[in-house]
Amino acid sequence: MTREHAPLSTYRLQIRASFDLTAAADVTQYLRDLGVDWVYLSPVLEAEKGSDHGYDVVDHSRIDPARGGEVGLHSLADRAHLFGLGVLIDIVPNHMGVASPATNSWWWDLLKHGTDSRYATAFDVDWAAGGGKVLIPVLGDDGDDRLDDLRIEGDELRYFDNRYPLAPGTFSEGDSPVDVHARQNYELVYWKRADSDLNYRRFFAVNTLAGIRVEEPWVFDESHAEIGRWFRDGIADGLRVDHPDGLADPAGYLDRLRELTGGAHVLVEKILEGPEELPHDWATAGTTGYDALGEFDRVLVDPDGAAALGALDASVRDGSQPVDWHDMILGTKLGIADGILGSEINRLARMLAPDGGAPVPATVEALAELAAAFPVYRSYLPQGGEQLAEAAAIAERARPDLTDAIADVVARLGDPSDPAAVRFQQTSGMVMAKGVEDTAFYRYSRLVSLNEVGAEPNVFALSQAEFHQRQQKRLATYPHAMTTLSTHDTKRSADVRARISVLSEVAVEWAAALGRLRELAPLGDGPFENLLWQSIVGVWPASRERLHDYAEKASREAGTSTAWTDQNAEFEEKMHALVDSCFDDERVEAELHRVVDLVRDAGWSNSLSLQLLQLTGPGAPDVYQGCELWDYSLVDPDNRRAVDFDLRRLYLAAINEGETPAVDESGAAKLLVTHRALTLRRDRSELFERYAPLPVFGEAASSAVAVDRGGAIAVATRLPVGLAESGGWRDTVLHLSGGDRIDVLTGRRHSGSRLRLADVLSTYPVALLIPAPDDSSTPDSEV
């Protein structure tokens, strides 16, 4: 396997203490047998104790012992390579975990020595704003009064379970903890001051993830030494870069990464908005696939359902018109800029203040308006100047009183050499992420299967022609980019979304059902009830505990009736009663089951279509752990539950022994599609080198998506409810060039140039056809 090799497919594994690298090594043979090309690991460097995700790295120099350590990584890599699998590893260059300072030697040294620390420039700290100190927002609701809870233990300052170092020479016997605290290079402050006064850059609004400055050569070198060793020692074959939008110079970082890895395969977790394109000067094979996810979902949504579901959304908001998505996110993003990310906006304003003085109030407001109006996550100056101009125009319309201030700010933010412009680019993505994916996605309830990054929820559906056009573009521009359907970050797994999307075909029935459910279990927040009930329908059956946890997180993220920092006990009590009614109220249970029964089979059809289109489409498809069977998961941590690989091995063995599984609750049919598509793609990659939409004719042509990938032909069903109601495929035919073909899913042979879809799709709602060998002895299906 050469360094230039790109994966044909990947399989994401979440590495943690309960499923460490040694356990991952034990599933490599199964992954090979499934048809996977590369194994794809979540972060493996040492993270905060108990971290299930690994994105809070505390030590870049070693593999996390809790995740299997160095021995575990070598075991995984050796086993993977033995079975012909490449190894792709997720890395986190933007930030480090600082929740437990004693476990992060860089952060501990900074707290101990302040501006004299070697790491004073490794972290992104505004020392002047803190009076030479780092502000640590941990004090409880009594604010400064909680300093009375400080205590000295050895050479540490303690605040409950929090430990901090004492600077040399700052403590003598008899000194009070409060006086000692005043002499430190940090200041413990009321936790709510993080919103306005925090003076270090974070990952979004997470105070325990502190940004580091990999644009500094020595910081890159030290934080990437272990990563470089993976490539010198032949452990890793590629990398996935987490959150490059947080970096000061993403393009420069990727250039250095290319040098470090010898030009290995690198993917970036970059979220594209609408027609936005990945910067062409980035040293990357492409994104991690959220843009593709949105396309796969939308080609299976019925555009005729938009009006009815929009009217329903308006009615639950007590309005006559559906909410405007762009108006909504302008408000949610402004709320974030003025609220939990106010400290970032204030830091920018300090950079723009005359002679480095106090922030000018009009400048603060202008910056917040610009960040809220910015149409994409960030620009990469000099690319993206038009996006800044667009944001300025929107901001000026919203706040004409700030026209002069906006013009002054834009003049600075458009200059690539201005440090303020660099920082604004790092900040706008934070505002987008928190305002849209972590707020508006929980408020916009028209069809919640569309509430995923990679596309805007107001883009309701794609036609077959639009879908094909986008796949052709991916093949032409980023043929080795990752595509995905479910990840550790999706709000709902692909199978949940596939079922919810069926509501676009039964919009009238759903409106009536929602009305009955709201009467039986009233909550008083119509949009959130719509979102919650759609999610429950999508994931059902689910445990009581899982639904309680989801409802609590979703409601607090929405922030309309309750919030993380301002919990509404009365509302949350009613909300949990709603969840309980799914299990304890026979009327609610009966209505819920009736709706699930209405969409279940069509949801399975959508799931299989999603799976086939992704696994055979342009790009390198990723399968998220466990998703080769039905996976009905909600937002994290629900989507990071343990996977039963023994069950999957059992189903795979049965398939390889000739079993043709039914489309039923087991999900074995999905494993069949996954196995056959991945294996074909790996073993006969020459069949996937082009993309040509195929003509379908007949009364049900609008229910088929068909494409020739260069010899492999994928056929998928869309809008299955309408298809069934109109009498099925009837005389609908797929036109092909001459020659017999074998469906690798069923083994059936199809002859002729006009294939009846009623025959091709008689067993499954999908088919994967390849040229039949001349001596094939499989049964004929003459058409």
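None of these values were measured; they are calculated from a predicted model.

1. Quick notes on the overall build of the protein
Across its full length, the protein carries 27 helices and 28 strands. For a compact globule of 783 residues, the expected C-alpha radius of gyration is about 28 Å, and the protein comes in at 27 Å, within 12% of that figure. Projecting the C-alpha coordinates of the protein onto the three principal axes gives extents of approximately 95 × 65 × 55 Å. When burial is assessed residue by residue, the protein has 61% of its 783 residues classed as buried. Look at the contacts in the protein between residues 6 or more apart in sequence, and 72% of them connect residues 24 or more apart. When the accessible surface of the protein is totalled, it reaches about 28,200 Å², and 49% of it is carbon and sulfur.

2. Quick look at the sheet that holds strand 13 (residues 206-211)
Within a sheet, neighbouring strands are paired by backbone hydrogen bonds and run either parallel or antiparallel to one another. The strand order across the open sheet formed by three strands is 6-13-12, and the pairing between neighbours is antiparallel. With partners counted over all chains shown, the strands left at the sheet margins are strand 6 (95-97) and strand 12 (202-203), one partner each. Where strand 12 lies against strand 13, two bridges are found, and the strand directions are antiparallel. Across the sheet, residue arginine 202 finds its bridge partner in strand 13, namely alanine 210.

3. Looking at the pairing of strand 21 (residues 704-708)
Along any regular strand the residues' side chains alternate between the sheet's two faces. Where burial is concerned, most of strand 21 is hidden: five out of the five residues are buried. Every second residue of strand 21 is oriented toward a common face, with Ala704, Ala706 and Asp708 on one face and Val705 and Val707 on the other, all of them buried. Pairing geometry for strand 19 (residues 692-693) and strand 21, over two bridges, is antiparallel. If you follow proline 693 over to strand 21, its bridge partner there is valine 707. Two strands pair when backbone bridges link them, and strand 21 and strand 22 (residues 713-717) are joined in this way by five bridges, in the antiparallel orientation. Looking at strand 22, one finds that aspartate 708 is bridged to isoleucine 713.

4. Overview of the environment of glutamate 259
Its place among the elements puts glutamate 259 in helix 8 (residues 250-261). Look at glutamate 259 and you get exposed, because its relative accessible area is 62%. In this structure the C-alpha to C-alpha distance between glutamate 259 and histidine 81, which are 178 residues apart in sequence, comes to 23 Å.

5. With respect to helix 15 (residues 403-413)
All of the buried residues along helix 15 are Ala405, Ile406, Val409 and Leu413. Viewed end-on, helix 15 has its buried residues packed into an arc of 95 degrees, placing them on one side of the element. In helix 15, those exposed residues whose orientation departs by more than 90 degrees from the buried face are Asp404, Asp408 and Ala411. Looking at the packing, one finds that the buried side of helix 15 touches helix 12 (342-352), helix 13 (361-373), helix 14 (385-398) and helix 16 (419-437).

6. Remarks on the packing of aromatic side chains
All chains considered together, the criterion is met by 22 aromatic pairs. Measuring from ring centre to ring centre gives 6.4 Å for tyrosine 11 and phenylalanine 645, while their planes differ by 50 degrees; the resulting arrangement is tilted. Taken together, the residues tyrosine 11 in strand 1 (residues 10-13) and phenylalanine 645 in helix 24 (residues 645-656) connect sequence positions 634 residues apart. A ring pair is formed by tyrosine 30 and phenylalanine 645, whose centres lie 5.9 Å apart and whose planes are at 65 degrees; its orientation type is edge-to-face. With tyrosine 30 in helix 2 (residues 28-34) and phenylalanine 645 in helix 24, this pair connects stretches of sequence that are 615 residues apart. An identical accessibility class is assigned to tyrosine 30 and phenylalanine 645; each is buried. Members of the aromatic cluster, each reached through a chain of ring pairs, are Trp106, Trp107, Tyr119, Phe123, Tyr200 and Trp218. Seen from the ring of tyrosine 40, arginine 12 lies directly overhead, with NZ or CZ sitting 4.7 Å from the centre.

7. A look at the nonpolar core
The nonpolar side chains of soluble globular proteins are, as a tendency, buried together. In terms of nonpolar packing, the biggest core is built from 179 residues, with Leu13, Leu41 and Trp230 touching the most fellow members. Counting residues per element, this core draws most heavily on helix 23 (residues 586-616), which supplies 12 residues. Dropping the residues within four chain positions of it, leucine 41 is found in contact with Arg12, Leu13, Ile15, Leu21, Leu73, Leu76, Val87, Leu88, Ile89 and Asp90. Leu209, Ile271, Ala366 and Val431 belong to the second largest nonpolar core, which has 45 residues in total.

8. What to know about the sheet that holds strand 23 (residues 733-735)
With antiparallel pairing, three strands are arranged side by side in an open sheet as 20-23-26. The strands lining the two open edges of the sheet, one partner per strand, are strand 20 (696-697) and strand 26 (754-756). The pairing of strand 23 with strand 26 spans three bridges and is classified as antiparallel. Of the residues in strand 26, the one forming a bridge with histidine 735 is arginine 754.

9. Observations concerning the packing of helix 21 (residues 544-558) against helix 22 (residues 569-584)
The interhelical angle for the contact between helix 21 and helix 22, taken along N-to-C directions, is 150 degrees, at an axis separation of 10 Å. In this view, helix 21 runs roughly antiparallel relative to helix 22, as classed from their interaxial angle. Here helix 21 and helix 22 pass one another in a crossing that is right-handed. In this structure, helix 21 uses Arg544, Leu547, His548, Ala551, Glu552, Ser555 and Arg556 to contact helix 22, whose residues at the interface are Phe571, Glu572, Met575, His576, Val579, Asp580, Phe583 and Asp584. Its residues assigned to classes, the contact of helix 21 with helix 22 comprises six nonpolar, three polar and six charged.

10. Section: the environment of alanine 551
Mapped onto the secondary structure, alanine 551 falls in helix 21. On a C-alpha basis, the gap between alanine 551 and leucine 531 in space is 9.8 Å, while along the polypeptide they are 20 residues apart. Beyond its immediate stretch of four places on either side in the chain, alanine 551 contacts Phe528, Leu532, Met575 and Val579.

11. Topic: unusual backbone geometry
Following leucine 381, the chain continues into proline 382 via a peptide bond in cis, with omega recorded as 10 degrees. In this fold, proline 382 is placed in the loop between helix 13 and helix 14. Geometrically, the link from aspartate 636 to proline 637 is a cis peptide bond, its omega value of 10 degrees lying close to zero. The phi torsion at aspartate 318 lies on the positive side, around 60 degrees, for a residue other than glycine. Of note, aspartate 318 is situated in the loop between helix 10 (306-316) and helix 11 (325-338). Here aspartate 318 falls in the exposed class, since its relative accessible area comes to 75%.

12. Details of the pattern of salt bridges
In the structure shown here, the tally under the stated rule is 62 salt bridges. For lysine 670, the salt bridge is made with aspartate 495, and the minimal N-O distance between the two is 2.8 Å. Of this pair, lysine 670 sits in helix 25 (residues 668-683) while aspartate 495 sits in helix 18 (residues 494-500), and the two are 175 residues apart along the sequence. Across the pair, aspartate 495 and lysine 670 agree in class, each one buried. The salt bridge partner of arginine 682 is aspartate 683, with a shortest N-O separation of 3.0 Å. For arginine 682, a relative accessible area of 23% corresponds to the partly exposed category.

Procedures and definitions
- Residues numbered from 1 in each chain as written.
- Predicted model: local features only at pLDDT ≥ 70, side-chain atom pairs only at ≥ 80, totals over all residues.
- Heavy atoms only, no water.
- Helix = DSSP H or I, 4+ residues; strand = E, 2+ residues; numbered from the N terminus.
- Rg over C-alpha atoms; globule rule 2.2 N^0.38 Å.
- Buried < 20%, exposed > 50% of the residue type's maximum accessible area, 1.4 Å probe, protein only.
- Contact = heavy atoms within 4.5 Å.
- Areas by Shrake-Rupley, 256 points an atom, 1.4 Å probe, with all protein chains shown as cover.
- Pairing = 2+ DSSP bridges.
- Arc of directions from axis to C-beta.
- Phe/Tyr/Trp six-rings, centres within 6.5 Å; stacked < 30°, edge-to-face > 60°.
- Lys NZ or Arg CZ within 6 Å of the ring centre and 35° of its normal.
- Core = buried A, V, L, I, M, F, W, Y, C linked by side-chain atoms within 4.5 Å.
- Axes fitted to C-alpha atoms, helices over the stretch in contact; angles between N-to-C directions.
- Parallel < 35°, antiparallel > 145°, perpendicular 65-115°, else oblique.
- Left-handed = near helix turned anticlockwise from the far one by under 90°.
- Nonpolar A, V, L, I, M, F, W, Y, C, P; charged D, E, K, R; others polar.
- Salt bridge = Lys/Arg side-chain N within 4 Å of Asp/Glu carboxyl O.

Just geometry here; none of it tells us what the structure is for.
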